[in-house]
Amino acid sequence: MLSDGALRMLVLLHFNALGFSPVQLAWLFLLYEVAGIATNLAAGWLAARFGLAATLHAGLSLQIAALIALSQLDPAWAIAASVAFVMAVQGVSGVAKDLAKMSSKSAVKLLAPAGDGSLFRWVALLTGSKNAVKGAGFFLGAALLAIAGFQPALWTMAAVLAAILLAVLLFLPKGLPGRMKSAEGWGGWRSPDARINRLSLARLFLFGARDVWFVVGIPVYFQAVLSDGTPDGRRAAFFLIGGFLALWIIAYGAVQAMAPRILGGKAQALTATTQKATLWSGLLVPIPFALAALALWAGGPAPWLTATLIAGLLAFGFVFAVNSSVHSYLILAFGSADRITRDVGFYYMANAAGRLLGTLLSGLSYQWGGLPACLATAGLMALAAWLATRRLPASA
């Protein structure tokens, strides 16, 4: 997750500095998200067939290959060739990230103590720490780009990740299961449980609401505000943008880890947790709409608007983190152990589909209507997530 966050910032800031438009920047991440959809759909089946350790090792190996491949990018290539190459490499990185994530999330269901109400706490700790590490990666990527440059940063990350892969191969505990006895055929990807399918739909719109502003809109706006166009100005902007996005992700991870306490503790009935998921989903809706209205009223960049955006997006992050954490718990609570990798894979396929939709709309909405349109689109996605969560039954 550290390298995944760092790579995103490297690509976004490097190519924005080269003059890529918002839509072109969004294209760089589209195959990454498409690969996530396909990977999550297939990863559950692969884990059931070959074991969670195998999918974890494959994810780490593919990320190393992606970093090495991206380091071969030639600045002399035409824009179309550069976009196509980076899209392809980002696709491999998307496969890598989701193989590793599905493996770790599924392992929690299988390894956490049963019957003591601690599943929510274990899920929250894993999810929160994962996102805190990813947030540190955002800052790391921006810092490496400013200090070392694009290619040396990629080689450094590949070397560190290779050391991590070696450690995993040598020291991974034996508790992760191999092939599951009840592994279904490829056609069993969709869950027979309506709760899982509706939760997956809510997850799609929830992450679309975040990525509409997170992927292109806010970073491009901040770079326009913070950079004076000189090399020193661009480097300073890299640090500031990377620092803000890192702070947002790290704080988001911290809130995720605290979600069980925010929502009332581990002994809470599943029905009550489901009802609170609907409540917190509704709390998210007005925030992006309010920020969009302020951006429209401001008419352009302004110091007060930038300060308000920072505060508003941190508030969005707090509510979003609670939503994300309770979703991550519910998918494991609803899922059955004998097909947990399939259910988690389907759920994270919907997660990746939401990021894909949000990424595409981020570039399109910002290019079409600037920051107000970008934030208003995020509000519409949050509204759709709330409507989907309202239809979530408490029992199968």
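Worth saying up front: this structure is predicted, and the values here are computed from it rather than measured. (Residues numbered from 1 in each chain as written. Predicted model: local features only at pLDDT ≥ 70, side-chain atom pairs only at ≥ 80, totals over all residues. Heavy atoms only, no water.)

S.K.: Is there a simple way to explain the overall build of the protein in this structure?
M.R.: Looking only at helices and strands, the protein has 12 helices and 0 strands in total. Helices and strands in the protein line up, N terminus first, as α-α-α-α-α-α-α-α-α-α-α-α. The burial tally for the protein puts 55% of its 396 residues in the buried class. For the protein, the proportion of contacts with a sequence separation of at least 24, taken over those separated by at least 6, is 86%. For the protein, the computed accessible surface area is about 15100 Å², with 71% contributed by carbon and sulfur atoms. (Helix = DSSP H or I, 4+ residues; strand = E, 2+ residues; numbered from the N terminus. Buried < 20%, exposed > 50% of the residue type's maximum accessible area, 1.4 Å probe, protein only. Contact = heavy atoms within 4.5 Å. Areas by Shrake-Rupley, 256 points an atom, 1.4 Å probe, with all protein chains shown as cover.)

S.K.: Can you help me understand a nonpolar patch on the surface in this one?
M.R.: Together, L166, L169, L170 and F171 line one region of the surface with nonpolar side chains, adding up to about 470 Å² of accessible area. With respect to the helices and strands, L169 occurs in helix α6 (residues 150-171). (Patch = residues over 30% accessible without salt bridge, like charges linked within 9 Å, V, L, I, M, F, W, Y side chains within 5 Å. Salt bridge = Lys/Arg side-chain N within 4 Å of Asp/Glu carboxyl O.)

S.K.: I'm lost on helix α3 (residues 52-70) in this one. Help?
M.R.: In an α-helix there are 3.6 residues to a turn, and that puts residues three or four apart on one side. Relative to the 27 Å expected for 19 residues at 1.5 Å per residue, α3 spans 27 Å between its end C-alpha atoms, a close match to the ideal helical length. Three or more residues of α3 are buried, namely L52, T55, L56, G59, L60, Q63, I64, A66, L67 and L70. (Expected span 1.5 Å × (residues − 1).)

S.K.: Any chance you could explain the pattern of salt bridges here in plain terms?
M.R.: For side chains bearing opposite charge, pairing can occur when the charged atoms are close. For the structure shown, the criterion picks out 1 salt bridge. For D211, the salt bridge identified is with R210, shortest N-O distance 2.8 Å. Accessibility assignment for this pair places D211 and R210 in one class, buried.

S.K.: Hey, could you run me through the side chain of Q256 in this one?
M.R.: Residue position: Q256 is located in helix α8 (residues 231-262). A distance of 3.0 Å separates polar atoms of two side chains, one belonging to Q256 and the other to S324. Look past the residues within four positions of Q256 in its chain and what remains in contact with it is A124, T127, G128, N131, A321, S324 and S325. (Polar contact = N/O pair within 3.5 Å; in protein donor to acceptor, adjacent residues only side chain to side chain.)

S.K.: Help me understand the packing of aromatic side chains in this model?
M.R.: The relation between two aromatic rings is expressed through the spacing of the ring centres and the mutual angle of the planes. Counted according to the given criterion, the structure contains 17 aromatic pairs. Centre to centre, the rings of W213 and W248 are 5.3 Å apart; their planes meet at 80°, and the pair counts as edge-to-face. Of this pair, W213 sits in helix α7 (residues 194-226) while W248 sits in helix α8, and the two are 35 residues apart along the sequence. By relative accessible area, which is 1% here, W213 ends up buried. (Phe/Tyr/Trp six-rings, centres within 6.5 Å; stacked < 30°, edge-to-face > 60°.)

S.K.: Help me understand the confidence of the model for the protein in this model?
M.R.: Should the pLDDT be low somewhere, the predicted coordinates at that spot are not to be read in detail. For the protein, the average pLDDT comes to 82, and 87% of its residues sit at 70 or higher. Confidence, read as mean pLDDT per element, is least for helix α2 (residues 22-50) in the protein (75) and greatest for helix α10 (residues 286-298) (96). (pLDDT = per-residue confidence, 0-100.)

S.K.: Please explain the packing of helix α9 (residues 270-284) against α10 as it appears in this structure.
M.R.: Helix packing geometry: the angle between the two helix axes and the distance between the axes. Put simply, α9 and α10 touch, their axes get as near as 5 Å, and they point 0° apart. Judged on the interaxial angle alone, α10 and α9 are roughly parallel. Counted together, G282, L283 and L284 of α9 and P286, I287 and P288 of α10 form the full contact between these two elements. (Axes fitted to C-alpha atoms, helices over the stretch in contact; angles between N-to-C directions. Parallel < 35°, antiparallel > 145°, perpendicular 65-115°, else oblique.)

S.K.: Quick question: what am I supposed to make of the environment of S129 here?
M.R.: By the secondary structure assignment, S129 is in helix α5 (residues 119-147). For S129, a relative accessible area of 39% translates into the label partly exposed. A C-alpha to C-alpha distance of 6.0 Å links S129 and G253, two positions 124 residues apart in sequence.

S.K.: Looking at this model, I keep getting lost on the packing of helix α1 (residues 2-17) against α6. Mind explaining?
M.R.: Packing of α1 against α6 brings their axes to within 11 Å, and their N-to-C directions diverge by 170°. Classified by the angle their axes make, α1 and α6 are roughly antiparallel. Contacts between α1 and α6 pair S3, A6, L7, L10, H14 and F15 from the former with F150, A153, L154, M157 and L161 from the latter. The residue inventory of the contact of α1 with α6, partitioned by class, reads 9 nonpolar, 2 polar and no charged. (Nonpolar A, V, L, I, M, F, W, Y, C, P; charged D, E, K, R; others polar.)

S.K.: Would you mind going over the nonpolar core with me for this structure?
M.R.: Note on soluble globular proteins: their nonpolar side chains tend to be buried together. Counting residues in hydrophobic clusters, the biggest one holds 106 residues, and the most contacted among them are F15, L28, W213 and W248. Residues within four places of W248 in sequence aside, it is in contact with R210, W213, F214, L313, L314, F316, G317 and F320. (Core = buried A, V, L, I, M, F, W, Y, C linked by side-chain atoms within 4.5 Å.)

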